[in-house]
Amino acid sequence: IATNTDGIVLYGEFSGEASFDQVFNVESFAGFATQINLQSVSTDAITKEVDINVFPNPFSDVVNISFGDKARNVQIYSASGQLIYESAASLQNHEINLTEQVNGIYFWISDDGKTGKVVKN
């Protein structure tokens, strides 16, 4: 991995077939190089736009999900896809007690399709 003013450049090796949108005039090609524009993968603008705060993360028993001035329903799923929490009402701030759940990664989704990840430890 290297960085430059345009973003991050990834280099690696692979075996097998590959296809590219551009033609490369090389006799042998046993790797890849790609560049990621940091601005295109940034979540800062999205988070600020919808004003979602998740804290603390990681958490031990209770996690808070705040949707700013919008009331939302929220669901939380285990890493295996099991629904473990569903809000009973549309609220701006959810205080969710997951004391009975095992440590691990959990995923939340709001009723408007916003998603995120929380870690219980």
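These lines cover the structure that appears in this document, whether it is placed above or below. (Residues numbered from 1 in each chain as written. Predicted model: local features only at pLDDT ≥ 70, side-chain atom pairs only at ≥ 80, totals over all residues. Heavy atoms only, no water.)

Let's talk about the environment of Asn93
- When you line up the elements, Asn93 lands in strand β8 (residues 93-97).
- Its relative accessible area of 49% is what places Asn93 among the partly exposed residues.
- For the pair Asn93 and Arg72, spaced 21 residues apart in sequence, the C-alpha separation works out to 8.4 Å.
- Aside from chain neighbours lying at most four places away, what touches Asn93 is Ile65 and Ser66.
- A polar atom in the side chain of Asn93 sits 2.7 Å from the side chain of Ser66. (Helix = DSSP H or I, 4+ residues; strand = E, 2+ residues; numbered from the N terminus. Buried < 20%, exposed > 50% of the residue type's maximum accessible area, 1.4 Å probe, protein only. Contact = heavy atoms within 4.5 Å. Polar contact = N/O pair within 3.5 Å; in protein donor to acceptor, adjacent residues only side chain to side chain.)

Details of the sheet that holds β8
- Taken in spatial order, the three strands line up as β4-β5-β8 in an open sheet, and their pairing is antiparallel. Sheet topology places β4 (53-55) and β8 at the edges, where each strand pairs with a single neighbour. For this sheet, the mean angle separating the axes of adjacent strands, direction not counted, is 15°.
- Here strand β5 (residues 62-66) runs beside β8; their pairing, made up of five bridges, is antiparallel. Within the sheet, the bridge partner assigned to Val63 lies in β8 and is Ile96. (Pairing = 2+ DSSP bridges. Axes fitted to C-alpha atoms, helices over the stretch in contact; angles between N-to-C directions.)

On their own, these measurements won't tell you what the molecule is for.
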